[in-house]
Amino acid sequence: MEHCASSFKQQVNGEVTIAVPDQQQEIEQWVFREKVKILFGNFRLSWILSLLVSTLFLHLSLAAGHYAVGIGWWLTAFAVIMARHRLVTVFFRKIDSIPLPDYRIWCRRFTWLTFLTGIVWGAAGLIMGPMLSSVDQVLIFLVLIGLSGGAIPLLGIHKLTLFAYIIPTVVPYMLWVAMALLDKLAIILMINALYMISILVAIARTDEYITESLRLKYTLEQRTEKLQDANEKLEHMILVDALTQLYNRRYFERQLDMEWKKCHRESKRLAMLVIDIDFFKAYNDHYGHLSGDECLKSVAYVLSNSLNRPGDIIARIGGEEFVALLPDSDEAGASTVAETIQHNLRHARIPHAASEVSDFVTVSTGLAVTYPSDRVSALSLFTAADKALYRAKAAGRNRIVVGELEPLES
């Protein structure tokens, strides 16, 4: 990744994108927050290992007869380890309850407790080392080296925290060994220098890989989010009528198939209303097509607000034709919905000077209800409601007519 003063480039799947300063700052803040989460998450189980190692040090001290020193040190180590564990527990509880906690404060707290933990490990070497045999001293040396090396993948995502742990853990004991073996001082110092160089290289590599991975993750998440938004907008365009914002015929047909199978499976009734605006062609001829579009919007608003149950849907399936699908509804319930639509439409008082039945917009409704089964089909339910609509229009409009389904031919 190439950094610049004003922007940086990210390469994802062979594509190069340019991040402006504000976006770069947002990315870096997100990366930092993710690093802090990983930092805390890595310690969720490592505290158990710390307790086991501290118990080993206690055992070495007790075996050498230094009870007060061993127990005192172990109690101190236990208190620090548990304090760190408590901090981790509180952190994960807080981030779930606070929208955006101050991650820098939490990172500083973790770093200071990590530094204190390193001091405790370093004190173990300096205090217990001179009291133990040469074999035990080597064992302590190896354990401290192991602790510092094992911390690289756990703490390496935040350099300061890792240094705050490694330096007090290893350096004091290494210096004590060097002073105790003056004749080997040069070799020991060289070994220490090589060890610290390898640590620095490992830290740099770890931080680089994790940072790059998190930046890539951020970019992919942003692209995924944009793709999801685009898919939602596309689905909205496909399934929603642009003029009335009701569902369209495509959505109605899909829901009819789903509800038909569901009601068939659960032995429930399915009701349908087919609704047509009375004398709508005359309305357009009298007021104009722009006013006709406004009329459709107003009627659609009345229709959608006349359905009270979450499972009921209303869709526009033609120019001035609408359909309502009412799962688990009998004839009485469906009739109540149809009457509510007529009542609300009368209350809306949409002027219709060209109507032959009223001074305001009215609708005719065909109603049909059935138990979905193998003897009838979803198409037959729609056909029955549609035929009932035509009978309502033939009978003078502005009325509700109930249709009957014809069974499938065997």
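Here, every reference points to the structure presented above.
Please read these numbers as outputs of a predicted model, since none were measured by experiment.

### As for a positive patch on the surface
No. 1: A cluster of basic residues, Arg86, Arg93, Lys94, Arg104, Arg108 and Arg109, forms a positive patch at the surface.
No. 2: Put simply, the parts of the chain that give the positive patch at least two residues each are helix H2 (67-97) and helix H3 (103-128).
No. 3: As for its position among the elements, Lys94 is in helix H2.
No. 4: The class of Lys94 is partly exposed, set by a relative accessible area of 35%.

### Regarding the side chain of Arg316
No. 1: When you line up the elements, Arg316 lands in strand S4 (residues 313-316).
No. 2: A distance of 3.2 Å separates a polar atom in the side chain of Arg316 from a polar atom in the side chain of Asp241.
No. 3: Engagement of the side chain of Arg316 in a polar contact is seen with the backbone oxygen of Gly319, the distance being 2.8 Å.
No. 4: Setting aside residues up to four positions removed in sequence, Arg316 forms contacts with Asp241, Leu243, Thr244, Leu246, Tyr247, Asn248, Arg249, Leu296, Glu321 and Phe322.

### Here's the deal with the sheet that holds strand S5 (residues 321-327)
No. 1: If you walk across this open sheet you meet the five strands as S4-S5-S3-S6-S7, and the pairing is mixed. Strands with a single pairing partner mark the edges of an open sheet, and in this sheet they are S4 and strand S7 (400-402). On average, each strand axis in the sheet is inclined to that of its neighbour by 20°, with strand direction left out of account.
No. 2: The pairing of strand S3 (residues 270-277) with strand S6 (residues 363-370) spans eight bridges and is antiparallel. Paired with Val274 across the two strands is Gly366, which belongs to S6.
No. 3: Its contacts with the sheet place helix H9 (residues 289-304) against S3, S4 and S5, and it is angled at close to 10° to S5.

### A look at the packing of helix H8 (residues 280-287) against H9
No. 1: In the contact formed by H8 and H9, the axes pass within 7 Å of each other and the chain directions differ by 135°. Taken together, H8 and H9 sit at an angle that is classed as oblique. Counting all contacts with H8, which are made through Phe280, Tyr283, Asn284 and Tyr287, the residues of H9 involved are His289, Ser291, Gly292, Cys295 and Leu296.
No. 2: Within the contact of H8 with H9, the residues separate by chemical class into five nonpolar, four polar and no charged.

### Notes on the pattern of salt bridges
No. 1: Inspection of the entire model under this criterion finds nine salt bridges.
No. 2: Note that Arg316 is salt-bridged to Asp241, the shortest N-O span being 3.2 Å. Here Arg316, found in strand S4, pairs with Asp241, found in the loop between helix H6 (185-239) and helix H7 (249-266); they are 75 residues apart in sequence, far enough to count as distant.
No. 3: Judged by relative accessible area, which is 15%, Arg316 ranks as buried.
No. 4: Among the residues examined, Asp241 registers a relative accessible area of 15% and is labelled buried.
No. 5: Across the pair Glu294 and Lys297 runs a salt bridge whose closest N-O atoms are separated by 3.5 Å. Pair noted here: Glu294 and Lys297 are both in helix H9, with a separation of three residues, about one helical turn.
No. 6: For Glu294, a relative accessible area of 45% translates into the label partly exposed.
No. 7: Given a relative accessible area of 36%, Lys297 falls into the partly exposed group.

### Quick notes on the packing of aromatic side chains
No. 1: Applying the stated criterion to the full structure yields 15 aromatic pairs.
No. 2: Aromatic pair Phe40 and Trp106: ring centres 6.4 Å apart, planes at 75°, arrangement edge-to-face. Of the two residues, Phe40 is situated in helix H1 (residues 21-63) and Trp106 in helix H3; the sequence distance between them amounts to 66 residues. For the pair formed by Phe40 and Trp106, the shared burial category is buried.
No. 3: Each ring, one from Phe91 and one from Trp106, has its centre 5.5 Å from the other, and the planes form 65°; the classification is edge-to-face. Of this pair, Phe91 sits in helix H2 while Trp106 sits in helix H3, placing them 15 residues apart in sequence. Here the two residues Phe91 and Trp106 agree in accessibility, since each one is buried.
No. 4: Geometry around Phe32 places Arg104 over its ring, the cationic atom sitting 4.3 Å from the centre.
No. 5: Over the ring of Trp106 we find Arg109; its NZ or CZ atom is 4.7 Å from the centre of that ring.

The rules behind each value
- Think of each chain on its own: its residues are numbered from 1, step by step along the sequence as written.
- Only residues with pLDDT of at least 70 get local features here, since the model is predicted, and only at 80 or more are side-chain atom pairs given and counted; chain-wide, interface and lining totals rely on the full set of residues.
- Each side-chain value is derived from all of the structure's non-hydrogen atoms; neither hydrogens nor water enter the calculation.
- To count toward a patch, a residue needs a relative accessible area above 30% and no salt bridge. Like charges then connect within 9 Å, nonpolar side chains (Val, Leu, Ile, Met, Phe, Trp, Tyr) within 5 Å.
- All accessibility values rest on the Shrake-Rupley procedure with a 1.4 Å probe; residue burial counts only the protein chains present in the view.
- Think of a salt bridge as a Lys or Arg side-chain nitrogen and an Asp or Glu carboxyl oxygen that are within 4 Å of each other.
- Two residue types count as positive, namely Lys and Arg, and two as negative, namely Asp and Glu; His and chain ends fall outside the count.
- Each charge is placed at NZ for Lys, CZ for Arg, CG for Asp and CD for Glu.
- Put simply, DSSP H or I for four residues or longer makes a helix, DSSP E for two residues or longer makes a strand, and each gets a number counted from the N terminus.
- Buried, partly exposed and exposed residues are distinguished by accessible area as a fraction of the type maximum, computed with a 1.4 Å probe on protein chains only: under 20%, between the cut-offs, and over 50%, respectively.
- The definition of a polar contact used here is a pair of N or O atoms within 3.5 Å, where within protein one atom must be able to donate a hydrogen and the other to accept one, and adjacent residues in sequence count solely through side-chain atom pairs.
- Contacts between residues were defined by any pair of non-hydrogen atoms, one from each residue, lying within 4.5 Å.
- Here the rule is simple: two strands pair whenever DSSP picks up at least two bridges between them.
- Working convention: axes come from line fits to C-alpha atoms, limited for helices to the stretch in contact. Angles between N-to-C directions cover 0 to 180 degrees.
- Angles are sorted into four bins: roughly parallel if under 35 degrees, roughly antiparallel if over 145, roughly perpendicular if 65 to 115, and oblique for all others.
- Amino acids outside the nonpolar list (Ala, Val, Leu, Ile, Met, Phe, Trp, Tyr, Cys, Pro) and the charged list (Asp, Glu, Lys, Arg) are all regarded as polar, and Gly is one of them.
- Each Phe, Tyr or Trp ring, with Trp reduced to its six-membered ring, pairs with another whose centre is within 6.5 Å; inter-plane angles below 30 degrees give stacked pairs, above 60 give edge-to-face pairs, and intermediate values give tilted ones.
- Charge-over-ring placement is defined geometrically: NZ (Lys) or CZ (Arg) within 6 Å of the ring centre, and within 35 degrees of the ring normal.

So, to be careful, I would describe these as geometric facts and stop short of saying anything about function.
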